[in-house]
Amino acid sequence: MGCVVAAYVAAHVWVVRWDMTDDKHYSLSEASKNLLRSTDAPIDITILLQGDLNSGFRRLKKATEETIAEMDVYGDVQCTKDNVQGISADSLSSLGLSPIVIHEREQNGKTAQTTVYPYALMEYKGKRAIVTLLKNTRGLSGEENLNASIEQLEFAFMEALHLLQQKETPRVAILEGHGEPDEAHTYDLMNVLSKYFQVDRGSINVQRDNVQCTKVDAHILDGYKAVLVVNPQRPFSEEERFVIDQYIMRGGSVLWSINGVQFSEDVLQREGFTPVVPLELGLTDMLFKYGVRVNPALVQDVQCLPIPVNVSSDPSQPNLQPMPWTYAPLLLTSEGSPITRNMGQVMSTFVSPLDAVGGEDGIEKRILLATSTASHVTATPGEVDLNDLNPDMRLFRYEYVPIAVSLEGSFKSVFAHRMIPENVQCTMDNGQSTQDIIKQSVKTRQVVIGSGSVLLNETQRGQTIPMGYDRYSGMQFSNRDLAVNAVLWLTDSEGLISLREKSVALRLLNDKRAHDQRAQVQTVSTVTPVLLLALIGGTVFVIRRRYE
C-alpha cells in the first residue's frame, strides 16, 4: 500500500513525458519551453474552432488542444473552448476575424455548407493576440494545407506569446538615398512588418538643414535589429559601404533585395522595349566576400505571370488576351529553410540569378527561391521587347536557377585590409573613439534576393495593392510571407523561427480502396476484437481447468 501511495505522490511531483512518435509531434522545442518558463502570469487561450466540423478540421482542433496541453506543462496555460454560434458576426469581425466557408458533398449527394472560425485568442497580462490556426497556401490541396497548419501550430502560439511578452518594440531600417522606391511602393512592406517592428526609413548620409554632413557616423545603424536594402538604383559610396560592413561585423543583419541589371519599366511601357545593362551599385565585392554573387543577367522562365496583350487587328475594338510574360517568373520556394517552408510561389519581375561562392568560408548557405525546370538566362547588355512573347523554348534548358539565398555564419570584412574612409566618424554614443576596423563578424545572418520587385507593391488610383497580388489574374502569391519570415529569421535571437521547420508526416488514406473495401474493413474491425476476446477467454478457461 505504501508503494502505491509513494508512486501516486511521485507522479504528481515529477512529470515524466516520453514522446514515442517518429516526428516528435507531441514535443515542444527548447525555445518554446524557455519562453513558457519565462512567463510570470497565466496565459488564457480561447479556441474558436468549434461546431460541426469535418474530419480534417477535427484533426486540426485536436492537434491545437494537444499543443495547448503540452504548453500547460511548462507554463500556466488555461484553455477555453468558445462556442462561436453565440457570438455575433459583428463582434468577431471587430476582432479582425473572417470566417471560412466549407462546402462538402455528403453521401446522399447533397452539398453541405459549414462556417468555421479557425482562430484562437491568446491573452497575457491584459494584452490580446490572435492566433491563426489554418494556413491556406495556394496550390496545396486541402489535406496538405491542414497538415501544414498542424506543423505550424507551435510556431503560431509561440510567436503570439513572444509578441505579448515584448516590453519594447525592436527597430528595423529601410535604407534610402540610392534611388530606392518611394514610400508608396514600400507601404505594404512597412505595413506587414509593423506588427513586429518599428520600421524607420532614412539615409546613412544624414542631411541637416538641406546640407549633407561632412562626416558619416560609423555607428548610425547600431540601434537596428536589421537593415533592409530594397531595389537601389544608384551606387553606394565608400563611406556607406564601410558603415554597412562594420554594422554586419558587430552582429547586424541585412536583407539585400537588389537587381543585377538596370532597365526602365517606363520606357518599356512607352516604347515597347528597353535596353538592359549591368547595374553598378558598388556592392559586388562586399557580397562576394560574404559568400554570394548577384550576376548581371536576366532570368526568363516558362512558369510565369500572364500580361494582357491586344491581339485585335482593329485599333477601334481592342481584344486583350492573357499571354505568358517570361520575364515575370513565379519562383519556387524551398522546404529546407524556416523562411520559406510551407510557402506558395513568389511573384517577381526582372530577376537576376545568384551564385554561392567561397565554399570553404564556413558560411551556411540555403537556397530560398529558385526558378522552375525550364528557365533561360539572358546575359547583358541586351534588351527586353514586349513583342517577344513567343521565345524559342529550346533555349529554356536551365533548372532551378537560384534567385534568393540565406547566409549564416561569421563573415569577413571587405575592409579588413583597407583604410577607414576619410569622411567616417568612428565615435560611439559614450564618446569613445573606435578607430580599429573589425575584420570578422560575430555569428550573424543575411538574406540576398536577386530582385528588387519581390518586396514592392503596386499602386492603382492612389490605392495600395498588396505585395504579391497580380491584378490581372486576381491571384495572391506569398511575397508577404517571404518578407515577414525573412526579417523574423534575421532578427530571431530566441530560435523561435526554427519552429517553422517542424514536420508532421501526412498519412492519407487511399480513398478508392477505402470505398471499395469498406464492407470488408467494417466486418474485420467488428468481428476481430470479439474473436480475440473469445480466444483469450477460452485459453484462460482451459488453463484454469487443467491446473485445478
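The structure displayed is predicted, hence computed values, not measured ones.

**Considerations on the confidence of the model for the protein**
Averaged over the protein, the pLDDT score is 83; the fraction of residues at 70 or greater is 83%. Below pLDDT 50 for its whole length, residues 207–211 participates in two contacts with residues either more than four positions away or in separate chains.

**Looking at helix 2 (residues 30–37)**
Of all the residues in helix 2, the buried ones are Ala-31, Ser-32, Lys-33, Leu-35 and Leu-36. Next to the buried residues of helix 2 lie strand 1 (43–47), helix 3 (55–74) and helix 6 (153–165).

**Examining the packing of helix 3 against helix 5 (residues 142–151)**
For the pair helix 3 and helix 5, interaxial distance at closest approach is 10 Å and the crossing angle is 5°. In terms of orientation, helix 3 lies roughly parallel with respect to helix 5. Residues Gly-56, Phe-57, Arg-59, Leu-60 and Ala-63 of helix 3 form the contact with helix 5, whose participating residues are Glu-143, Leu-146, Asn-147, Ser-149 and Ile-150.

**Structural notes on the packing of helix 3 against helix 6**
Packed helices, taken two at a time, are described by the angle their axes make and the gap between the axes. Put simply, helix 3 and helix 6 touch, their axes get as near as 10 Å, and they point 50° apart. Between helix 3 and helix 6, the interaxial angle falls into the category oblique. In terms of crossing hand, the pair formed by helix 3 and helix 6 is right-handed. The residues of helix 6 that touch helix 3, namely those facing Leu-60, Ala-63, Thr-64, Thr-67, Ile-68 and Met-71, are Leu-153, Glu-154, Phe-157 and Met-158. The residue makeup of the contact of helix 3 with helix 6, split by class, is seven nonpolar, two polar and one charged.

**Some remarks on the pairing of strand 2 (residues 77–81)**
In this structure, strand 1 lies alongside strand 2, joined through five bridges in parallel fashion. Note on strand 2: the bridge partner recorded for Asp-44 is Gln-78. Chirality of the crossover, the property in question, places the unit of strand 1, helix 3 and strand 2 among those that are right-handed.

**Observations concerning the nonpolar core**
Judged by nonpolar contacts, the single largest core of 76 residues is most densely connected at Ile-45, Leu-60, Met-71, Met-122, Phe-157, Leu-189 and Leu-228. The biggest single contributor to this core is helix 6, with nine residues. Ile-45 has contacts with Ile-68, Met-71, Val-77, Gln-78, Cys-79, Thr-80, Ala-120, Leu-121, Met-122 and Phe-157, leaving out every residue within four places of it along the chain. The next biggest cluster of nonpolar side chains, apart from the first, holds 37 residues, and it includes Phe-236, Leu-279, Val-292 and Ile-363.

**Describing a nonpolar patch on the surface**
Among the surface-exposed residues, Leu-532, Leu-535, Ile-536 and Val-540 lie close enough to one another that they form a single nonpolar patch of about 370 Å² accessible area. Note that Leu-532 resides in helix 13 (residues 518–547). Residue classification places Leu-532 among the partly exposed residues on the basis of a relative accessible area of 48%.

**Concerning the sheet that holds strand 1**
Strands pair in a sheet through their backbones, by hydrogen bonds, and they do so in one of two ways: parallel or antiparallel. The mixed open sheet is built from four strands, whose spatial order is 2-1-5-6. A single partner strand is all that each edge strand has here, and the edge strands are strand 2 and strand 6 (127–132). For this sheet the average axis-to-axis angle between neighbouring strands, irrespective of direction, equals 20°. Across five bridges, strand 1 lies against strand 5 (residues 119–124) in antiparallel orientation. Its bridge partner being in strand 5, Ile-47 is matched across the sheet by Ala-120.

Criteria and thresholds
Residues numbered from 1 in each chain as written. Predicted model: local features only at pLDDT ≥ 70, side-chain atom pairs only at ≥ 80, totals over all residues. Heavy atoms only, no water. pLDDT = per-residue confidence, 0-100. Contact = heavy atoms within 4.5 Å. Buried < 20%, exposed > 50% of the residue type's maximum accessible area, 1.4 Å probe, protein only. Helix = DSSP H or I, 4+ residues; strand = E, 2+ residues; numbered from the N terminus. Axes fitted to C-alpha atoms, helices over the stretch in contact; angles between N-to-C directions. Parallel < 35°, antiparallel > 145°, perpendicular 65-115°, else oblique. Left-handed = near helix turned anticlockwise from the far one by under 90°. Nonpolar A, V, L, I, M, F, W, Y, C, P; charged D, E, K, R; others polar. Pairing = 2+ DSSP bridges. Right-handed = clockwise from strand over helix to strand, strands pointing away. Core = buried A, V, L, I, M, F, W, Y, C linked by side-chain atoms within 4.5 Å. Patch = residues over 30% accessible without salt bridge, like charges linked within 9 Å, V, L, I, M, F, W, Y side chains within 5 Å. Areas by Shrake-Rupley, 256 points an atom, 1.4 Å probe, with all protein chains shown as cover. Salt bridge = Lys/Arg side-chain N within 4 Å of Asp/Glu carboxyl O.

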